[in-house]
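Geometric and topological summary
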Amino acid sequence: MSIVGVALFVGFLALGCWQVQRLAWKTDLIAQVDARVHAPASPAPGPTQWLTVTRQDDQYRRVVVQGAFQHDEETLVQAVTDAGGGFWVMTPLVDARGFTVLVNRGFVPAGRRDPANRADGQATGPQTVVGLLRITEPKGGFLRANDAAGDRWRSRDVAAIAARRGLTNVAPYFIDADATPNPGGWPLGGLTVIRFANSHLVYALTWFGMALLTLVGLWLFLRDGRRKRP
């Protein structure tokens, strides 16, 4: 019993220390993302940089692209936002540097899914888009896969959308456009939710508490054992 108690104490203590390390990592990550979101916009990574784009280093980086939209190749992705349920409008933009990037121009309700119902927002000619770099979302949403053949999308899977639309030389990320208003008010941009669960301190205190209780229980066991000896 003493060996089991010591093993449990060491195990709970190790788990608590691990959660303290995770807390430091998560706090640093939140600080990095906050710095990226509020930094001046830099040019979106071009083809020579695509292999170095990672979730850890580039997610939510503020970027800018300039080019022309291909509105006839837009894709609607199901969305639930603070503005209600509807769709993200994912539109290819041909960057002036010669590659294509998918831009999440923003949210539209179901009644605006038809581009004819938001014709004013279908901007033509050279455009400048400022937004947040986002990493592709493959495999679909929670318990709901994308249906590329049926053109029904639950997540912003860049590779799958590009293949469905026949796009080439497409960036491996997409861009969430900022809140700059579109003519006519749709799509509605700037709805990116940046939220990180950070319960590591609670977990750490729980494991340290379990370690303390194990130590107390072991002490009571040994004390009672001594009393019962002849």
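Look above for the structure.
Residues numbered from 1 in each chain as written. Predicted model: local features only at pLDDT ≥ 70, side-chain atom pairs only at ≥ 80, totals over all residues. Heavy atoms only, no water.

**Notes on the pattern of salt bridges**
Scanning the model with the defined rule gives nine salt bridges in all. When the shortest N-O distance is used, the salt bridge between Arg 118 and Glu 74 registers 2.7 Å. Note that Arg 118 is positioned in the loop between β5 (100–109) and β6 (127–135) and Glu 74 in the loop between β2 (62–69) and β3 (75–81), a separation of 44 residues in sequence. Accessibility classification places Arg 118 together with Glu 74 in one group, the buried group. Two residues, Arg 156 and Glu 137, come together in a salt bridge whose shortest N-O distance is 3.0 Å. Highlighted residues: Arg 156 in the loop between β6 and α3 (158–165) and Glu 137 in the loop between β6 and α3, separated in sequence by 19 residues. Note on Arg 156: relative accessible area 9%, which makes it buried. Each of Arg 134, Glu 137, Arg 156 and Asp 176 takes part in a single network of salt bridges with overlapping partners. (Salt bridge = Lys/Arg side-chain N within 4 Å of Asp/Glu carboxyl O. Helix = DSSP H or I, 4+ residues; strand = E, 2+ residues; numbered from the N terminus. Buried < 20%, exposed > 50% of the residue type's maximum accessible area, 1.4 Å probe, protein only.)

**As for a nonpolar patch on the surface**
Together, Met 1, Val 4, Leu 8, Phe 221 and Leu 222 give the surface a local cluster of nonpolar side chains, amounting to about 480 Å² of exposed area. Listing elements by their share of the nonpolar patch, those giving two or more residues are α1 (2–38) and α4 (200–228). Here Met 1 is to be found in the segment before α1. (Patch = residues over 30% accessible without salt bridge, like charges linked within 9 Å, V, L, I, M, F, W, Y side chains within 5 Å. Areas by Shrake-Rupley, 256 points an atom, 1.4 Å probe, with all protein chains shown as cover.)

**With respect to the nonpolar core**
If you look at soluble globular proteins, the nonpolar side chains tend to sit buried side by side. One finds Val 65, Leu 93, Val 101, Val 103, Val 129, Tyr 173 and Ile 175 to be the most contacted residues of the largest nonpolar core, which totals 17 residues. For this core, the secondary-structure elements that each account for two or more residues are β2, β5, β6 and β7 (170–177). Here this core takes four residues from β7, the largest share from any one element. Apart from the residues lying within four places of it in its own chain, the contact partners of Val 101 are Val 65, Thr 91, Pro 92, Leu 93, Ala 171, Tyr 173 and Ile 175. Listed in part, the 13 residues of the second largest apolar core include Ala 79, Leu 102, Phe 107 and Val 158. (Core = buried A, V, L, I, M, F, W, Y, C linked by side-chain atoms within 4.5 Å. Contact = heavy atoms within 4.5 Å.)

**Comments concerning α3**
Taken residue by residue, α3 has Val 158, Ile 161, Ala 162 and Arg 165 as its buried positions. Buried residues along α3 cover an arc of 100° about the axis, so they all sit on one side. Turned more than 90 degrees from where α3 packs its buried face, Ala 159 and Ala 163 sit exposed. Looking one or two places after α3, you find Gly 166, whose phi comes out positive at around 70°. (Arc of directions from axis to C-beta.)

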